[in-house]
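# Observations on chain architecture
The primary structure of each chain is shown beneath.
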Amino acid sequence: MFSLFKSKKNSTEKNPTEDNSNTESWTSKIRQGLARTRQNFGKQLSSLLGSRKIDEALYDELETILLTADTGVNATNWLLETLRKKVKRDALSNAEQLKGALQETLVSLLAPLAQPLDVTTKKPFIIMITGVNGVGKTTTIGKLAHYFQSQGKSVLLAAGDTFRAAAREQLLAWGERNGVTVIAQESDSQKKSDPAAVIFDAVNAAKARDIDIVLADTAGRLTTQLHLMEEIKKIKRVINKALPDAPHEVLLVLDANTGQNALNQLKAFDEALGVTGLVLTKLDGTAKGGVIAAIAAQYPQNPPALRFIGIGEGLDDLRPFNAQEFVEAIFD
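Predicted model only: the values in this text are computed from it and were never measured.

### As for the packing of helix α4 (residues 73-90) against helix α5 (residues 95-110)
A pair of packed helices is captured by two measures, namely the crossing angle of their axes and the spacing between those axes. Taken N-terminus to C-terminus, the directions of α4 and α5 make an angle of 130°; their axes are 10 Å apart at the nearest point. Relative to α5, the element α4 lies oblique. As for the relative orientation of α4 and α5, their crossing is right-handed in sense. The residues of α5 that touch α4, namely those facing Ala75, Trp78, Leu79, Thr82, Leu83, Lys86 and Val87, are Leu98, Ala101, Leu102, Glu104, Thr105, Leu106, Ser108 and Leu109. When its residues are assigned to classes, the contact of α4 with α5 shows ten nonpolar, three polar and two charged.

What follows is the structure, given as structure tokens:
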């Protein structure tokens, strides 16, 4: 039923389609990737926080800017309350000083999300990847494969999305591009196979081949599709049968363009699967990067780990989240 597709290309060979972005600093790339957010959010802030004095009118305008950047009510209220305390404590007198205080406050809010993923604790390390339709799961898998390979890890891909017609071919293309093995359903199979069975087969193949990391794709599903949410719970149970204590990471992929709806997706998938990490994609395509702050404020006691952010189309444009770099990149 299932086939193992191995790329003919050596995994250590430099990919000719890969851009020369590794010569460009990540700081420069993240500024470029977040240009839309900076032009919207950053320029509004610069316009507001000029030489004005700090008063209630300024706080009101700042509140509007934060809310329109998808920061959310909880995060906006926390940021403004913290800023008021800083202004009083440090005797800040003008808006330019407030801008620096806002940067510091944002970093303190987002820093708990910055928890790098450690894949060295288990072998094979099984990463189950999920999310709603259209967030870019398969593309994210391809970029993750590239990222882990750059760290010297061996990777295997599991084509667990057996429902979308092009999903198998898309993942096979990423496997070819990265030079990694893909476990997938036979293309001439008469019916769609059980996605859990495909991933079960992939986990066993990884154990037999001494693979470091398995990236398991799953079909996109809306949180309101209860039968599909039950199916994804089954996938997780089957992975656990194939390898006790797996999956070791349940990554939820979120599209930055969905704004506050990302919080609803996180809540639903966390209740179903116990999400351990997030990937926020398409930050380069939105002028409202504040959703990260909204996520942080939603979980003040136990924030989810934002493992990676995507800020472009290139293979190297998916990187671990760094709060300081992110905040610096969105300020004009």
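### Some details on the packing of aromatic side chains
Applying the stated criterion across every chain yields a total of five aromatic pairs. On the basis of an interplanar angle of 80° and a centroid distance of 6.0 Å, the ring pair of Phe41 and Phe331 is categorised as edge-to-face. Separated by 290 residues along the polypeptide, Phe41 in helix α2 (residues 35-48) and Phe331 in the segment after α12 (323-330) bring together distant segments of the chain. The class of Phe41 is buried, set by a relative accessible area of 5%. Take Phe331: its relative accessible area is 4%, and that puts it in the buried class. The structure contains a cluster of three or more aromatic residues connected by ring pairs, namely Tyr147, Phe148 and Phe308.

### Concerning helix α10 (residues 261-273)
Every α-helix winds through 3.6 residues per turn, so residues three or four apart in the chain are directed the same way. The end-to-end C-alpha separation of α10 is 18 Å, in line with the 18 Å expected for 13 residues at 1.5 Å each. For α10, the elements touching its buried residues are β2 (125-130), α9 (226-242), β6 (249-255), β7 (277-281) and α11 (291-298). Of the residues trailing α10, Gly274 is marked for its positive phi of about 75°.

Thresholds, definitions, all that
- Residues numbered from 1 in each chain as written.
- Predicted model: local features only at pLDDT ≥ 70, side-chain atom pairs only at ≥ 80, totals over all residues.
- Heavy atoms only, no water.
- Axes fitted to C-alpha atoms, helices over the stretch in contact; angles between N-to-C directions.
- Helix = DSSP H or I, 4+ residues; strand = E, 2+ residues; numbered from the N terminus.
- Parallel < 35°, antiparallel > 145°, perpendicular 65-115°, else oblique.
- Left-handed = near helix turned anticlockwise from the far one by under 90°.
- Contact = heavy atoms within 4.5 Å.
- Nonpolar A, V, L, I, M, F, W, Y, C, P; charged D, E, K, R; others polar.
- Phe/Tyr/Trp six-rings, centres within 6.5 Å; stacked < 30°, edge-to-face > 60°.
- Buried < 20%, exposed > 50% of the residue type's maximum accessible area, 1.4 Å probe, protein only.
- Expected span 1.5 Å × (residues − 1).

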